[in-house]
Every structure is written in structure tokens, then in C-alpha cells.
Amino acid sequence: MNKIVLMTKSWLNLPKTSLDLYQKVWLFAPVFIWFSYHPVIKIGSSETMNLELSLALIYVAILALVGLPKIWRARQSLIKNRAVWLVGVFVLWQLVTLIWGVNLARGVLTSGVAILLSLIFLSCLAEAKNIKKILPSIIKIFITSAVVMSFLALVQIIAGIWLGRSETLLCAGCVAEQFGFVRPNVFTIEPQFFGSLLLAPLLILQYFILTKKSNWQYNLSFGFLLMTLILTLSRGAIFAFGLGVVVLFILNLRNWRRILINAGVMILGLVVALIIQGSAAVVNPNFNERFSQVIAKSIHQLSMGAIDFRQENTDISNGVEEYYDSDQPAFDGYVPESTDVRVNLSKVAIETWSQNPERILFGVGLGGAGVAMANLSPNQGPREIVQNEYVEVLLERGLIGAGLLAAILFGYFYAARCQKWTWAIIAAFLLQWNFFSGLPNALHIYLIMIVLFVYVEDNIISHRGRGRTKPAKTS
């Protein structure tokens, strides 16, 4: 047993000094964040929400509680930190909006999650030096867990050919009946959240590939994760990754040879993903699909209908067209409804927000988006969310809340100026916020951004302490 412990410590490159409980709990973050929905503890439901607990949410609560002593001991230094004040005001404003909120129960629960995340932010700031020491270990665990989850995604795709939703943990929009092949969601609620979880490890690996000594393991892991991302068919996650790629390429233009190699790996990952999708649909006994048509369908969906290699699914014989309806998936290409629903929700939310000057300034209250939109548009259910984080903040917390969020994000980018490669991850997440909203299913975004902020801010403090005028060499 001792030998196993020593081997694990050696593999993770953990500091030689013993870790305290807080640091040990942080090492589990890259594992628990993947379990954002399955397994789920269903407590109950109401007209406006479902009451559910995930392993990721339970982990966040534990991490916040374990960090309380750290916050208390560092309270004097934390109170001098401008980032603490800015985040604190934003969280406080969310609590204030509960006074006029139209869905108090949901607002209280949402504020509870926000408070837990803010406590983690404070404790992480208090332990910045120690968090930075174990950050390489956290990254290694995160990338390893991403590879494991990607392998499980392949298992889910294969199992989904013959098994149903209950056996494979697939969501309603993930099953093979939709496109002819499974869109993996693994332990998340939807493929877009699984794709979102892949963003940070993908961009970290890409940064390593572009800046560090050549390593076949980096390239192999990167290609495998990218292939899995394509298999989710989540345009939001894929577009977000594309933005991150552009940022990293611009920052590393001098390494043009590595950029070309990296681009080749990406193309290979795309090709392999399309082959897997086509093969899964052809093998599926429930459909009569052609390999080329499946690939054309996938490309049509990924490009939002801009690229169309599809052929009419007909068999022309003696001038008679026989359509294959009974043994075909529900969709034969781009599904505009998925985009239209999000756009319509944002329109309804903005219309709801602009009803009167008070609402424009103060919002409808935290957690009240669904009820407020349902009051304006009866065809919207009170459980509905905006599916756009920025618009939801505007509707629920008003211009004041949106202004505070903008200030936080601006300050975040400014703080990261000494480690510009982190802009790729930040930009990817901020773009993806246009495709969903809410906290419980996207806890990984906040945990990753907290760690990145602590990393870059600690780096800035280190520069000042050494009296440097230029950013230190990226570590």
C-alpha cells in the first residue's frame, strides 16, 4: 500500500512537503467535476424547478466548508484585495435582488451555490501559494480524467447502438434515434456540458504542444480529446474551442511549424470522429443508413447548414421515388430548431427585461427568469431558463448586475495579461456562455476560472515582489 502511495505521489509530482486537508480535497476537483449530473439525487420538484443533487455540487459544498478556516486566518489580507471586493459586491447584489424576486425558492438555492463558489474563491486566494504548488498535479489529474471520460464516451457510443437510455445514461437528445449515432454526454446532463468539460484540458494540451518540448503523449491525448469533442456534435463547445485555438495560434505565431503539426492533428481528429459516427450509424440494426450520408449529415449539422454534401435519400426506380421513412433517424442534417429555441428565449428574456425602467435597472430577481418570461409569454414554461448566461444575468440582476459582471470579466482579462495563454481558456468559456445558463451543470467553469485567476494574480504579485517591469517567463 505504501508503495502504491509513493508511486502515485511520484506520478503526480506532488510537493515533498505533506499536504493539508484543503490541498488534498482540491486534488479531487478534476475528478468530481465530470459528475455534474449522473449519479443524481432527486429530492423533489415544484412547478418552477427540480430539486436535485449531483456529486459535483456535493464536492463544491465540501470544498467550500473545508476552506473556511483558510478564509478566517487570511481575512486581513483578503479584505485588501480589490478582486474580493468586486466579487463580494456582485454576490451581495444577487442576494439583494431576492427582495423583489418573483421566484424566491429558486433564487435562494441559486444564491446558495453562488455563495459556495465565492467561498472557494476566497479560500483559494488565501492559499494561492500552496494551490500554485499543486497546480501541475491538478492539471495532470484533469487531463488523465479527460482521457478516461473520452474512453467512456466511446463506450457509450457503442453501447447506444443496442441499449436504451436507462442503461447508457444518455439524454433524450443524445440517443441514436436523433442522428443515427449516439452523441455522448457520459455523466453530464447534455453533450454540450460534456464538451465544455473537454475545453480546458484540450487547450492546456495545445498550449503544451505549441510551447514545450515535443511529446507524442501530448499529441495523442490532444487528438483523442478533440475527436471526442467532435463526437458530442455540440456546436457551442466546438465553436468555443475554435476561438481558443485562434487565441493560442495568434500568441504563438513564431512557432508556425508546431502550429501546422497541431492543425494536422486536429484534422485527423475530425476525420476519425466522422468515421466513428458513420460506422456507428451503419452498424445500427434499426436504421438503413449509408456511410457517406451520415458523414455528410454530421458536417451539415456542425456547419449549421453552411456545408451540404447530402444527397436526396431516395431510390429512383422507373420514375417512382420511394422514401425511407420507417428506418431513418429523426434528423438528416442541421437542426435549426436547436438554434431557434435559444434565440427565441433570449428575445423573450430581453423583452421581459425591458418592460419598465425598474426592471431594466434592477432585474426580476435572482432565479426569476422562468417565471417572469412565463408571465409575459404563456407558451414559455416557468421552469424555462434563458440558455444565455449574459441575457439571464441582465434579466434577473438588471443593468447593475450586468455591469458588475462586465467589470469582473474585464478585471479577469487584465489580471491574466502576464499569462496570455490563459486567455484562450477564458475566451472559450465566455463564448460558450452564449449557449447555456445556470450554475449546477457548469460548476467546472467557475472552479477552473477560480484556479486560473489565483494562478495569474499570484504571478503578478510575484513580479511586483521581485521588482520586475516585464512579465516573467511563462511557467
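Here the residue index of a chain counts from 1 through its sequence in written order. The predicted origin of the model limits local features to residues at a pLDDT of at least 70 and limits the giving and counting of side-chain atom pairs to 80 or more, whereas totals for whole chains, interfaces and linings rest on all residues. The side-chain figures draw on all heavy atoms in the structure; neither hydrogens nor water molecules are used.

Moving on, we get to the overall build of the protein. Tallying secondary structure elements over the protein gives 22 helices and four strands in all. A fraction of 73% describes how many contacts in the protein between residues 6 or more apart in sequence connect residues 24 or more apart. When the accessible surface of the protein is split by element, carbon and sulfur atoms take 65% of a total near 22800 Å². Helix numbers and strand numbers start at the N terminus; a helix is a DSSP run of H or I with at least 4 residues, a strand a run of E with at least 2. Any two residues whose heavy atoms approach within 4.5 Å are treated as being in contact. With residues, only the protein chains shown are counted as cover, and all accessible areas are computed by Shrake-Rupley using a 1.4 Å probe.

Once that is clear, we can look at unusual backbone geometry. Most peptide bonds are trans, and most residues other than glycine sit at a negative phi. Here His38 and Pro39 are connected by a cis peptide whose omega angle stands at -10°. Its place among the elements puts Pro39 in the loop between helix H3 (29-32) and strand E1 (40-45). Here the phi dihedral of Gln387 falls at roughly 65°; this positive angle occurs in a residue that is not glycine. Relative accessibility under 20% of the residue-type maximum defines a buried residue, over 50% an exposed one, and the middle range a partly exposed one, all with a 1.4 Å probe and only protein chains included. Accessibility expressed as a relative area gives 19% for Gln387, which makes it buried.

The term salt bridge refers to a pairing of a side-chain nitrogen on Lys or Arg with a carboxyl oxygen on Asp or Glu at a separation within 4 Å. Tallied over the full model, the rule gives six salt bridges. Asp332 serves as the salt-bridge partner of Arg310, at 3.4 Å between the closest nitrogen and oxygen. Of this pair, Arg310 sits in the loop between helix H16 (291-302) and strand E3 (314-317) while Asp332 sits in the loop between strand E4 (320-323) and helix H17 (336-353), placing them 22 residues apart in sequence. Three or more residues are tied together by salt bridges with common partners; here these are Asp20, Lys70 and Glu127.

Along the chain, the position of Glu289 falls in the loop between helix H15 (256-283) and H16. The exposure class of Glu289 is buried, given its relative accessible area of 11%. In contact with Glu289, other than residues within four places in its own chain, are Phe179, Gly180, Ala281, Val282, Val294, Lys297, Gln328 and Pro329.

Every axis corresponds to a line fitted to the C-alpha atoms, with the helix fit spanning only the stretch in contact, and the corresponding angles, defined between N-to-C directions, vary from 0 to 180 degrees. In the contact formed by H17 and helix H19 (residues 369-376), the axes pass within 9 Å of each other and the chain directions differ by 85°. Taken as axis vectors, H17 and H19 run roughly perpendicular relative to one another. Together, Leu345, Val348, Ala349, Glu351 and Thr352 of H17 and Ala372, Met373 and Leu376 of H19 make up the contact between the two elements. Residues are grouped as follows: nonpolar covers Ala, Val, Leu, Ile, Met, Phe, Trp, Tyr, Cys and Pro; charged covers Asp, Glu, Lys and Arg; every other residue, Gly included, is treated as polar. Broken down by class, the residue content of the contact of H17 with H19 amounts to six nonpolar, one polar and one charged. In these notes the angle categories are as follows: under 35 degrees is roughly parallel, over 145 is roughly antiparallel, 65 to 115 is roughly perpendicular, and the rest is oblique.

A few words on the nonpolar core. In this structure, Trp26, Trp34, Phe222, Phe241, Ile425 and Leu447 are the most contacted members of the largest nonpolar core, which totals 130 residues. Counting residues per element, this core draws most heavily on helix H12 (residues 191-211), at 14 residues. In contact with Phe241, other than residues within four places in its own chain, are Leu199, Leu202, Leu203, Phe222, Leu226, Leu229 and Met266. Membership of the second largest hydrophobic core comes to 12 residues, among which are Trp353, Ala369, Met373 and Val386. Here, nonpolar core refers to any group of buried Ala, Val, Leu, Ile, Met, Phe, Trp, Tyr and Cys residues whose side-chain atoms link them within 4.5 Å.

As a per-residue measure, pLDDT tells how confident the predictor is, with possible values from 0 to 100. Here the protein averages 89 in pLDDT, and 90% of its residues register 70 or above. Within the protein, the lowest mean pLDDT, 36, falls on E4, and the highest, 98, falls on helix H4 (residues 55-66). Of the regions scoring below 50 in pLDDT, residues 313-325 engages in 14 contacts with residues more than four places distant in sequence or in other chains. Every residue in residues 461-475 is under pLDDT 50, and counting partners more than four places away or in other chains gives 15 contacts.

This next bit is on the packing of aromatic side chains. To describe a pair of aromatic rings, you give the distance between the ring centres and the angle between the ring planes. Aromatic rings from Phe, Tyr and Trp, taking only the six-membered ring of Trp, are treated as a pair when their centres fall within 6.5 Å; an angle between ring planes under 30 degrees marks them as stacked, one over 60 as edge-to-face, and anything in between as tilted. Tallying each qualifying case throughout the model produces 20 aromatic pairs. Ring geometry for Trp93 versus Phe362: centroids 6.1 Å apart, planes at 40°, classification tilted. Taken as a pair, Trp93 in helix H7 (residues 82-96) and Phe362 in helix H18 (residues 357-362) lie far apart in primary sequence, 269 residues in all. Relative accessible area serves as the criterion here: at 12%, Trp93 is assigned to the buried category. Judged by relative accessible area, which is 31%, Phe362 ranks as partly exposed. With a centroid separation of 6.0 Å and 45° between ring planes, the pair formed by Tyr207 and Phe208 is classed as tilted. Like Tyr207, the residue Phe208 is buried in the burial classification. Aromatic ring contacts, followed pair by pair, group Tyr207, Phe208, Tyr218 and Trp421 into a single cluster. In our convention, an over-ring charge means Lys NZ or Arg CZ found within 6 Å of a ring centre and within 35 degrees of that ring's normal. Note that Arg75 overlies the ring of Trp72, its terminal NZ or CZ placed 3.9 Å from the centroid. The ring of Tyr414 carries the charged tip of Arg417 above its face, separated from the ring centre by 3.9 Å.

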